[in-house]
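Take a look at the letters that make up each chain.
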Amino acid sequence: MSVLEELKSRSNGVCELCGATDNLSVYEVPPVSTGGVDGSVLACNTCIGQVEDPQTTDANHWRCLNDSMWSEHDAVKVVAWRMLSRLKAEGWPQDLLDMMYMEPETLEWAQATGEGVAEADKIIHRDVNGVVLENGDSVVLIKDLKVKGSSMVAKQGTAVRRISLDHENAEYIEGKVDGQQIVIITKYVKKI
Ligand SMILES: [Zn+2]
């Protein structure tokens, strides 16, 4: 079975975050090192779009986390935790966060993208020109890059949309090239 099929059977064919039944696809929860069924969530377009692009986040959509934060699957809990952390200034998300319980290693995974970390404590990612990069930004590669662990070369000029930041390391971001999630070094990208 493909990851998509396995997730559909795990979730009974609904978005594991909001329960929607249409436009479902696999959302690989960053960082990519986890991957597979355990590292992914079946989610609808609306949820994935808002998770990946903080600027489009609609707080009311995420009332659904009231249910999904109790999922038995770590990947779902991690996404729920990140969205609640992003929205905690609204008040009710903070109340839900206070009720949520995660194993320490799951919490560590949830925190790996820096969601919910105070601005001052954040590792700042910058492109080749020193421009600050955020989750959800688009960048273009300024040189050909060999992709670690594969024979693929990501070509200079390739646009990478909806990047995610590695919050352990200011020099790394992740993004999809040719449908494959890869790690990219910030000094080889330019924000677009
Ligand atoms: Zn959804």
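Everything below is about the structure shown above.
Position numbers for residues count from 1 along each chain, tracking the sequence in the order it is written. Reporting of local features is limited, given that this is a predicted model, to residues whose pLDDT is at least 70; pairs of side-chain atoms are given and counted only at 80 or more, and all residues count toward the totals for whole chains, interfaces and linings. Side-chain metrics rest on all non-hydrogen atoms present in the structure, leaving aside hydrogens and water.

Trainee: What's the story with the overall build of the protein in this structure? I'm lost.
Mentor: The helix and strand tally for the protein stands at six helices and 12 strands. In summary, the protein has a C-alpha radius of gyration of 17 Å against a globular reference of 16 Å for 192 residues, a match within 12%. Taking the principal axes of its C-alpha atoms as reference, the protein extends roughly 45 × 45 × 30 Å. Expressed as a percentage of its 192 residues, the buried residues of the protein come to 44%. Here the contacts in the protein between residues at least 6 apart in sequence split such that 58% fall between residues at least 24 apart. Positive charges come from Lys and Arg alone, negative charges from Asp and Glu alone, with His and the N- and C-terminal ends not counted. Where a charge lies is defined by one atom per residue type, namely NZ (Lys), CZ (Arg), CG (Asp) and CD (Glu). Taking the average location of the 19 positive side-chain charges in the protein and that of its 30 negative ones, the two points are 8 Å from each other. Segments assigned H or I by DSSP are reported as helices when at least four residues long, segments assigned E as strands when at least two residues long, and all are numbered from the N terminus. Radius of gyration: C-alpha atoms only; globule rule: 2.2 Å multiplied by the number of residues to the exponent 0.38. Burial classes: relative accessible area under 20% of the type maximum marks a residue as buried, over 50% as exposed, and values in between as partly exposed (1.4 Å probe, protein chains only). Only heavy atoms enter the contact rule, under which two residues are in contact if any of them lie within 4.5 Å.

Trainee: What exactly am I supposed to notice about the coordination of the zinc ion here?
Mentor: Between any two of four tetrahedral donors, the ideal angle at the metal is 109.5 degrees; between two of six octahedral donors, it is 90 or 180 degrees. Coordination of the zinc ion by the protein comes from Cys15 (SG), Cys18 (SG), Cys44 (SG) and Cys47 (SG), over a distance range of 2.3 Å. Ordering the donors of the zinc ion by residue number gives the pattern C-x2-C-x25-C-x2-C. Taken as a pair, cysteine 15 in the loop between α1 (3-11) and β1 (24-28) and cysteine 47 in helix α2 (residues 45-52) lie far apart in primary sequence, 32 residues in all. Classification of cysteine 15 as buried rests on a relative accessible area of 2%. Each metal site is built from N, O and S donor atoms within 2.8 Å (3.2 Å for Na, K and Ca), and since water is not included, such sites may look incomplete.

Trainee: Is there a simple way to think about the pairing of strand β11 (residues 180-185) in this case?
Mentor: Within a regular beta strand, the side chains point alternately toward one face of the sheet and then the other, so they alternate between its two faces. Where strand β10 (residues 172-177) lies against β11, six bridges are found, and the strand directions are antiparallel. When the sheet's bridge partners are listed, glycine 175 is paired in β11 with isoleucine 182. Hairpin geometry of β10 and β11 is characterised by an intervening segment of two residues between the two adjacent antiparallel strands and by a positive phi of about 50° at aspartate 178. Note on pairing: DSSP must find at least two bridges between two strands before they are called paired.

Trainee: How do you make sense of the sheet that holds β10 when you look at a structure like this?
Mentor: Picture the strands of a sheet paired through backbone hydrogen bonds; they go either parallel or antiparallel. The three strands are arranged β9-β10-β11 in an open sheet whose pairing can be described as antiparallel. The outermost strands of the open sheet, each flanked by one partner alone, are β9 (164-165) and β11. One ladder, built from two bridges, connects β9 with β10; its direction is antiparallel. The residue bridging serine 164 from the neighbouring strand is glutamate 174, located in β10.

Trainee: Help me out: how do you make sense of the sheet that holds strand β12 (residues 189-191) in this one?
Mentor: Read across the sheet, three strands follow the order β8-β5-β12 without closing on themselves; strand pairing throughout is antiparallel. Among the strands making up the open sheet, the edge pair consists of β8 (159-160) and β12. Bridge analysis of strand β5 (residues 139-141) against β12 gives three bridges, and the strand direction is antiparallel. Counted as the bridge partner of leucine 141 is valine 189 from β12.

Trainee: How do you make sense of the side chain of glutamine 50 when you look at a structure like this?
Mentor: Position of glutamine 50 relative to the elements: it lies in helix α2. Glutamine 50 has contacts with Thr56, Thr57, Asp58, His61, Trp62, Met83 and Arg86, leaving out every residue within four places of it along the chain.

Trainee: What is the right way to look at a negative patch on the surface in this model?
Mentor: Within the patch definition used here, like charges are joined within 9 Å and nonpolar side chains (Val, Leu, Ile, Met, Phe, Trp, Tyr) within 5 Å, considering only residues with over 30% relative accessible area and no salt bridge. Only the protein chains shown count as cover for residues, and the accessible areas themselves come from Shrake-Rupley with a 1.4 Å probe. Here, a salt bridge means any Lys or Arg side-chain nitrogen found within 4 Å of an Asp or Glu carboxyl oxygen. Taken together, the side chains of Glu103, Glu105, Glu108 and Glu168 make up a negatively charged region of the molecular surface. Here glutamate 168 shows up in the loop between β9 and β10.

Trainee: Honestly, the nonpolar core in this entry has me stumped. Any pointers?
Mentor: In globular proteins that are soluble, nonpolar side chains generally tend to be buried together. Leu17 and Trp62 are the most contacted members of the largest nonpolar core, which has 35 residues in total. Put simply, the parts of the chain that give this core at least two residues each are β1, β2 (40-44), α2, α4 (74-86), α5 (92-99) and α6 (104-111). Sort the elements by how many residues they give to this core and α4 lands first, with eight residues. Side-chain atoms within 4.5 Å are what join buried Ala, Val, Leu, Ile, Met, Phe, Trp, Tyr and Cys residues into a set we call a nonpolar core. In terms of nonpolar packing, the next biggest core, distinct from the first, is built from 15 residues, Leu145, Ala154, Val160 and Val177 among them.

Trainee: Explain the pairing of β2 here, please?
Mentor: Counting buried positions over the five residues of β2 gives five, a clear majority of the element. Of the two faces of β2, the one lined by Ser40, Leu42 and Cys44 and the one lined by Val41 and Ala43 are each fully buried. Here β1 pairs with β2 via five bridges, running antiparallel. Its bridge partner lying in β2, leucine 24 is registered against cysteine 44.

Trainee: Before we go on, may I ask you to explain the side chain of aspartate 137 in this structure?
Mentor: Position of aspartate 137 relative to the elements: it lies in the loop between β4 (132-133) and β5. Excluding residues within four positions of it along the chain, aspartate 137 makes contact with Val132, Val160, Arg161, Arg162, Ile163 and Lys191.

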